Amino acid sequence: MEETCLLRLLFVTSLLSGSTHQASLKMSPDSSQSFSWKFVSLRCEEDGSSDGWTVRRNTTEDTRTQCGADWGEPAGSSCTISYIFPSDSGVYWCESTEGAASTSINITVSGGAVILQSPVLPVMEGDDVTLTCTTETSNLSAGFYKDGSFIRTEPTGHMTIHHVSRSDEGLYKCHTREHGESPPSWITVTGKPTAAAPPTTAAPPTTAAPPTTAAPPPDSTSLQLVFRLVLLLVVFCPYCISTVIMVSLYRHRSTGNDQPVSMEMAPPTQAEQGLADEYDDVMAAVTTEHHL
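What you see is a predicted model, and the numbers here were worked out from it, not measured in a lab.

Novice: Kindly report on the packing of aromatic side chains, identifying the contributing residues and their values.
Specialist: Tallied over the entire structure, the rule returns four aromatic pairs. Ring plane angle 80° and centroid distance 5.7 Å describe the contact between Trp71 and Tyr92, whose orientation is recorded as edge-to-face. Of this pair, Trp71 sits in the loop between β5 (65-66) and β6 (73-75) while Tyr92 is found in strand β8 (residues 90-96), placing the two residues 21 residues apart along the sequence. Tyr92 matches Trp71 in its accessibility class, with the two residues each being buried. Put simply, the rings of Trp37, Tyr83 and Phe85 touch in pairs and so form one group of aromatic residues. One residue, Lys173, lies across the ring of Tyr145, its end atom 5.8 Å from the ring centre.

Novice: Provide a residue-level description of the pairing of strand β12 (residues 129-134), including the pertinent values.
Specialist: When you tally the buried positions in β12, you get five out of six residues, the bulk of the element. Relative to β12, strand β10 (residues 115-117) runs antiparallel, the two being bridged by three bridges. Note that in β12 the partner of Ile115 across the bridge is Thr134.

Novice: Explain the state of the cysteines to me, using residue names and the numbers behind them.
Specialist: The final tally for this structure, using the stated rule, is three disulfides. One disulfide bridge connects Cys44 with Cys94, the sulfur atoms lying 2.1 Å from each other. For the disulfide bridge between Cys44 and Cys94, the dihedral angle about the S-S bond is near -100°, and by the sign convention the bridge is left-handed. Linking Cys44 in strand β3 (residues 40-45) with Cys94 in strand β8, this pair joins segments that are 50 residues apart in sequence. For the pair shown, Cys44 and Cys94 are each scored as buried. Two residues share a disulfide in this structure: Cys133 and Cys174, whose sulfurs sit 2.1 Å from each other.

Novice: So what about the pattern of salt bridges? Which residues, and what values?
Specialist: Per the counting criterion, the structure on display carries ten salt bridges. The partner of Glu45 in a salt bridge is Arg43, with the nearest N and O atoms 3.6 Å apart. Taking relative accessible area as the criterion, Glu45 reaches 30% and is therefore assigned partly exposed. Two residues, Asp88 and Arg57, come together in a salt bridge whose shortest N-O distance is 2.9 Å. Note that Asp88 is positioned in the loop between β7 (78-81) and β8 and Arg57 in strand β4 (residues 53-59), a separation of 31 residues in sequence. Through salt bridges that share partners, Arg56, Arg64 and Glu95 make up one connected network.

Novice: Mind laying out the sheet that holds strand β1 (residues 24-28), listing which residues take part and the relevant values?
Specialist: Strand order in the open sheet formed by four strands is β1-β3-β7-β6, and the pairing between neighbours is antiparallel. With one partner strand each, in any of the chains shown, β1 and β6 form the two edges of the open sheet. For this sheet, the mean angle separating the axes of adjacent strands, direction not counted, is 20°. Relative to β7, β6 runs antiparallel, the two sharing three bridges.

Novice: Describe the sheet that holds strand β15 (residues 158-161), and please don't skip the residues or the numbers.
Specialist: What the three strands build is an open sheet, ordered β10-β12-β15; its pairing is antiparallel. Where the open sheet ends on each side, the last strands, each with one partner, are β10 and β15. Each adjacent strand pair in this sheet contributes to an overall mean axis angle of 20°, direction not counted.

Novice: Describe the pairing of β7, naming the residues involved and giving the relevant values.
Specialist: Inspection of the sheet shows β3 paired to β7 by four bridges, in the antiparallel sense. Paired with Ser41 across the two strands is Thr80, which belongs to β7.

Novice: Help me get a handle on the confidence of the model for the protein chain, residues and values and all.
Specialist: Close inspection of predicted coordinates is inappropriate for parts of the model with low pLDDT. Taken residue by residue, the protein chain gives an average pLDDT of 75. The fraction at 70 or more is 61%. Confidence drops under a pLDDT of 50 for residues 197-221, and excluding neighbours within four residues, the segment shows zero contacts in the predicted structure. In the predicted structure, residues 258-266 sits below a pLDDT of 50 and forms zero contacts with residues beyond four places in sequence or in another chain.

Definitions and limits used
Residues numbered from 1 in each chain as written. Predicted model: local features only at pLDDT ≥ 70, side-chain atom pairs only at ≥ 80, totals over all residues. Heavy atoms only, no water. Phe/Tyr/Trp six-rings, centres within 6.5 Å; stacked < 30°, edge-to-face > 60°. Helix = DSSP H or I, 4+ residues; strand = E, 2+ residues; numbered from the N terminus. Buried < 20%, exposed > 50% of the residue type's maximum accessible area, 1.4 Å probe, protein only. Lys NZ or Arg CZ within 6 Å of the ring centre and 35° of its normal. Pairing = 2+ DSSP bridges. Disulfide = S-S within 2.5 Å. Salt bridge = Lys/Arg side-chain N within 4 Å of Asp/Glu carboxyl O. Axes fitted to C-alpha atoms, helices over the stretch in contact; angles between N-to-C directions. pLDDT = per-residue confidence, 0-100. Contact = heavy atoms within 4.5 Å.

And the structure:
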């Protein structure tokens, strides 16, 4: 039981130590591409120290092989390749005895006549980067490409990108009329580290702040309210008045049509009564004469 706990403790300790150590791999000459039969030097650096780190690589022929195992000449945390060949193209990094690893770099060895000299390590935002299209003897006029798209032609073979940004990341290559084109190389752009701002503390208040009161509304606001009220009266008052008049007329007309008819007979006038008497006398005379 105690041995199991001890092993677990050692494992956790190794993980913590591996996570706190960080190294970077430096290459000389500082170029992601190289011609065959050239000398290359690789060195692991950790805050000015290089103890406890070795150089490893992945290529098409081997995986995670250490410097000195069929390639390179180790010297502490450094590794030199006296004569580099296209088969040495691959990914290189530093690895500590505790298992921690540095960031990796890509190295391309060209068997052709043209290479593109570009930085091996990532470039900081805002820095200037110079790409050089060169042969083993001189620099020639060359056209530069990014992600397969033509950028421009430089007569001297040098192209400088000023104040690089993340949009400048990509796969670059160059092309010459006399010797063809170079292999492509990827350029990585990273942000500059920002220094942490010191914590700020609020100063204690010296005197109590006076209470604040709401400011009165400006005159322009009052004028706008009055204008809107007048506008509403002008627009809606005639409409309301006309509506009231129409309703009143409608009610009056309805009341006039529905008046009840009185069945009581009015008394006859004097003239009408005289005519009636004369009518009775005439009828009596006619009746008497008929009987005779």
